[in-house]
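Overview (structure and organization)
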Amino acid sequence: MAKYQQTICQHWGAMTFHHTAKLHIRDTDFPERTRRLLIYRSILDGTFYDVLRKEFDEERNSVDGYIPLRERRPSVLNGTRLCGTVVEQSSTMLFGDGRFPNVTIGNADEDKVIADLIRETQLVQRMRDATRRGSVGSVAILMRILPNRQNQLRTFFEVFDTFYLTPEYDNQEPDRLIKITELRKAKGRDLKDAGYAITDEELDRVFWFKRVWDEDSEIWYLPTESVSGVSATWMEDTEKTVHHNLGFCPWVWIRNLNGGEHIDGNCTFEPGIKTCVEIDYLQSQAGRGLRYSMDPMLVIKEPVTPAMMDANGAANDQELLGWHHEDGRRVGGDIVRSADTALVMDVTGDAKMLELNGSSLEAAQKHIEKLRQYAMEAMNGSLVNPDQINSHQGAKALEILHAPLIRLCDNLRSSYGEDGLAALIRMWVRVANTRPMFVMDEVVKIKGKPSAVSLHWHSWFPITEQELGTKVATVTNAVKSGIMSKEKAVAVIASDYDITDIKAELKAIEKDAASALADAQSLMAAKQPADDEADAKGKDEKQASKPAV
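These lines cover the structure that appears in this document, whether it is placed above or below. (Residues numbered from 1 in each chain as written. Predicted model: local features only at pLDDT ≥ 70, side-chain atom pairs only at ≥ 80, totals over all residues. Heavy atoms only, no water.)

With that out of the way, let us pick up the packing of helix H3 (residues 81-95) against helix H5 (residues 123-134). The N-to-C vectors of H3 and H5 enclose an angle of 145°; their axes lie 9 Å apart at closest approach. When you trace H3 past H5, the crossing you get is right-handed. The segment H3 lies against H5, with Val87, Glu88, Ser91, Thr92, Leu94 and Phe95 engaging Val124, Met127, Arg128, Thr131 and Arg132. Tallied by class, residues from the contact of H3 with H5 come to 5 nonpolar, 3 polar and 3 charged. (Axes fitted to C-alpha atoms, helices over the stretch in contact; angles between N-to-C directions. Helix = DSSP H or I, 4+ residues; strand = E, 2+ residues; numbered from the N terminus. Left-handed = near helix turned anticlockwise from the far one by under 90°. Contact = heavy atoms within 4.5 Å. Nonpolar A, V, L, I, M, F, W, Y, C, P; charged D, E, K, R; others polar.)

The subject of this paragraph is the sheet that holds strand S6 (residues 138-147). In any sheet, the strands associate via hydrogen bonds between backbone groups, in a parallel or an antiparallel arrangement. With antiparallel pairing, the 3 strands of this open sheet are ordered in space as S7-S6-S14. Strands with a single pairing partner mark the edges of an open sheet, and in this sheet they are strand S7 (153-160) and strand S14 (251-255). Between one strand axis and the next, the sheet turns by 20° as a mean value, whatever way the strands run. Direction of pairing for S6 relative to S7: antiparallel, over a ladder of 8 bridges. Bridging from a neighbouring strand, Ala140 pairs with Phe160 of S7. (Pairing = 2+ DSSP bridges.)

To continue, consider helix H2 (residues 32-45). Compared with an ideal rise of 1.5 Å per residue, which puts 14 residues at 20 Å, H2 spans 20 Å between its outermost C-alpha atoms and is within 8% of the ideal. Listed as buried for H2 are Arg33, Thr34, Arg35, Leu37, Ile39, Tyr40, Arg41, Ser42 and Ile43. Looking one or two residues beyond H2, the residue adopting positive phi is Gly46, at roughly 80°. (Expected span 1.5 Å × (residues − 1). Buried < 20%, exposed > 50% of the residue type's maximum accessible area, 1.4 Å probe, protein only.)

Counting residues in each nonpolar core, the largest one holds 79 residues, and the members touching the most others are Met127, Phe269, Met379, Ile425 and Trp428. At 15 residues, the largest contribution of residues to this core is made by helix H11 (residues 403-432). Contact partners of Ile425, with chain neighbours within four places excluded, come to Val103, Ile114, Leu117, Leu123 and Val453. Within the second largest apolar cluster, 11 residues are counted, among which are Phe160, Ile180, Trp213 and Ile263. (Core = buried A, V, L, I, M, F, W, Y, C linked by side-chain atoms within 4.5 Å.)

Once that is clear, we can look at the packing of helix H12 (residues 465-480) against helix H13 (residues 486-493). In contact at an axis separation of 10 Å, H12 and H13 are set at 170° when each is read in the N-to-C sense. The angle between the axes of H12 and H13 places the two elements in the roughly antiparallel class. In this structure, H12 uses Lys471, Val475 and Val479 to contact H13, whose residues at the interface are Lys486, Ala489, Val492 and Ile493. Grouping the constituent residues of the contact of H12 with H13 by class yields 5 nonpolar, no polar and 2 charged. (Parallel < 35°, antiparallel > 145°, perpendicular 65-115°, else oblique.)

What follows is the structure, given as structure tokens:
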């Protein structure tokens, strides 16, 4: 029965979603993917229903008559906000405090430079922003290398939505990005604010705006007016064009999840959208029902008189809706329900309040909770109630509780980790191999190869001190018994102690052990003469104490 209810609600939610989505008119100058991505973004922004002009309480009007529910804008958006909740959960789980991976290149000094670069460019915040924006299907990150006033090269990363971006890949190397084209429309007034020469007559006109990044340049074009049916003609804006001469396109294009269509991956929250739309309408209707029960409709029962009938002899509905008698006819307006208003009627009449049964609202709320569970399960969100978690639960128990969210983030680690963060650092290393860079007030140059860049992810949840003690004791016993090497032992506990370079750690351990041995030997050597002197003195005293013969 529950499965049947879920199917019915998903069907109704799907119809409502598609009805509203159709009202998001596609600009035929852009591909269908642009419209799809913009619809997904509107769900995250809470603007998906803005195309519906009727308020939820507007049931009928003189022009349209009865207004169907799907044509009214819901008054509660708790359903579609679940999509944003799942996106925020995954973003925090992926790049939140204590979860951002350590980035290494195989050299401790250069590892520190990369850590400084991450701090200076606020790359943690940039990657979290990229995870949120990319949840609709894709996101792109631009690396800018700009000289400061002392002509020292600094690095900046900028996150872009991909609605109006188009990537181009090398035919011989399909994983090599060679060009990004930005093509969008802008109002004349916006272009004027950006410094372009726009006349007052052109302020409300629509213009094309275009930029192209390739392996050598960032090419700007002068805006051209958008005219239906006429192809745009482009002239390069030589004042704004920049020749970076990096030898590669300074962009990273990230597909959100496996699947999708070519340049876009699957949307994080798409599997739950239709159920979330159903929740919005159910909660809005439940709230409307609650307001009705707090202000119930007045029902008056009295004999129908000729004055209340229409020309065909049937009861006139308008004559029955709270009017009063004057000279054998009904006049007046709505009855005001208040403590000082009394109804006087014939002895055969009756009046009562038409109230909703409270059980219907309770049933609706239970059903909404079920739908919320269905939606979160479909989107791999976490259903864990924080009030049910105590501070003594271990890392493994927390991983089991958050298993659906961890499955989602495991997939996102590949997209935003290796294909995102690591790709950005490799790009920067390519630049730093050929020219000095300015990072955290220091001029640096990297000798490590881009291919040496690697990410070291932390555990999803930090283990407790008790768990850590047990883990270390187990590893120590395994090493002592000869069934595990020291290198493997360090690898096992590396993530718990933020160890990024296992070989360097082993060398440090050997160095500490050698130093401790040398200190012990020095202590023994210093102690030996004193012990010898004490032994000799003891022998002399013993000899002196013997009686003479």
